[in-house]
Amino acid sequence: MKKAYFTLCSSLMVCALTFSACSPGETEKKQAAQLKWEAGMRYQGKKMWGTAGPEDLKQAFLCFRTAANWGHTTAMVSLGNCYRLGEGVEQDLTQAVSWYRKAAEKGHEVGMFRLADCYRDGVGLKNDPAQAVLWYRRAAEGENAYGMEGLGDCYRNGIGVEKDLAQAIFWYRKAAEKGNSRAQKALDNLTKDVIRSF
């Protein structure tokens, strides 16, 4: 039953995408891109509304690439992840950075913190701590908990900014309040370190 339902849904998606690909208006194009991204997530084995397809990373990559080329910013991040991890495509860190940047420049907070990670770690481009801080800050100001955690890390370790434990605590706390467990752990450890130093 579930297999038949997934097959039917997949067939309807293919029909919808084929029809939309002919001459989509802006709304239809956005809807088609969303459906294509969702199909990619299913091919990655991720559950969408309770259903997941058989894992096929090459198909996931192709779906994300189509949706990203249609302007879907979350698909741009997903495509960047495929390139970064070599899932469904040969690993290409330069392409990963390119797609993260496209998403980030369109205001996608996850794209922003992924791009910041690349700048911080020198993945796919030259290490640039100042750019890492800039993109973490943009993600954090967009209320992204991982951007807040990254900014906290920068302040804690003096990466691209002057070391400032008060700012690190501030950003870790904000991220922890949004449910980021790594930020909560970092906050707990940093608080213990500060208390021990007195």
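Please refer to the structure placed before this passage.
Bear in mind the structure is a predicted one, so any value in this text is a computation, not a measurement.

Engineer: Mind showing me how you'd approach the overall build of the protein here?
Structural biologist: Scanning the protein from N- to C-terminus turns up 10 helices and zero strands. Counting only contacts in the protein whose residues sit at least 6 apart along the sequence, the fraction spanning at least 24 positions is 42%. Of the accessible surface of the protein, which amounts to about 11000 Å², a share of 52% is contributed by carbon and sulfur atoms.

Engineer: I would appreciate a short explanation of the pattern of salt bridges in the present structure.
Structural biologist: Under the defined criterion, the tally for this structure stands at six salt bridges. Across the salt bridge formed by lysine 178 and glutamate 143, the nearest N and O atoms sit 3.6 Å from each other. Placement of lysine 178 in the loop between helix H9 (165–177) and helix H10 (181–196) and of glutamate 143 in the loop between helix H7 (129–141) and helix H8 (145–157) is noted, with a sequence separation of 35 residues between them. Between arginine 156 and aspartate 193 there is a salt bridge; the shortest N-O distance is 3.3 Å. In this pair, arginine 156 sits in helix H8 while aspartate 193 sits in helix H10, placing the two residues 37 residues apart along the sequence. Look at the salt bridges and you will find they share partners, linking Asp117, Arg120 and Asp121 into a network.

Engineer: When you look at helix H4 (residues 73–85) in this model, what are you seeing that I'm missing?
Structural biologist: Quick reminder: α-helices carry 3.6 residues per turn. Residues three or four places apart thus point the same way. With 13 residues, H4 should cover 18 Å at 1.5 Å per step; its first-to-last C-alpha distance of 19 Å lies within 8% of that length. Looking at the packing, one finds that the buried side of H4 touches helix H2 (26–43), helix H3 (57–69), helix H5 (93–105) and helix H6 (109–121). Remark: glycine 86 follows H4 within two positions and exhibits a positive phi of approximately 70 degrees.

Engineer: What is the right way to look at the layout of surface pockets in this model?
Structural biologist: To find the voids left in a structure, one rolls a probe of water-molecule size over its atoms. Estimated volume of the second largest pocket: approximately 160 Å³. As for the second largest pocket, its lining consists of Phe113, Arg114, Asp117, Arg120, Tyr136, Tyr146, Glu149, Gly150, Asp153 and Arg182. Secondary-structure elements contributing two or more residues to the lining of the second largest pocket are H6 and H8. A class-by-class count of the residues in the lining of the second largest pocket yields three nonpolar, one polar and six charged.

Engineer: Can you walk me through the nonpolar core in this structure?
Structural biologist: For soluble globular proteins, nonpolar side chains are generally found buried alongside one another. Counting residues in hydrophobic clusters, the biggest one holds 47 residues, and the most contacted among them are Phe64, Leu79, Leu115, Trp135, Tyr136, Leu151 and Tyr172. Once residues within four sequence positions are removed from consideration, leucine 115 is found in contact with Val97, Tyr100, Arg101, Ala104 and Trp135.

About the thresholds
Residues numbered from 1 in each chain as written. Predicted model: local features only at pLDDT ≥ 70, side-chain atom pairs only at ≥ 80, totals over all residues. Heavy atoms only, no water. Helix = DSSP H or I, 4+ residues; strand = E, 2+ residues; numbered from the N terminus. Contact = heavy atoms within 4.5 Å. Areas by Shrake-Rupley, 256 points an atom, 1.4 Å probe, with all protein chains shown as cover. Salt bridge = Lys/Arg side-chain N within 4 Å of Asp/Glu carboxyl O. Expected span 1.5 Å × (residues − 1). 1 Å grid on protein atoms, 1.4 Å probe; cavity = no way out; pocket = protein on both sides within 12 Å on 5 of 7 lines; lining within 4 Å. Points joined across faces, edges and corners; volume = space filled by probe spheres on them. Nonpolar A, V, L, I, M, F, W, Y, C, P; charged D, E, K, R; others polar. Core = buried A, V, L, I, M, F, W, Y, C linked by side-chain atoms within 4.5 Å. Buried < 20%, exposed > 50% of the residue type's maximum accessible area, 1.4 Å probe, protein only.

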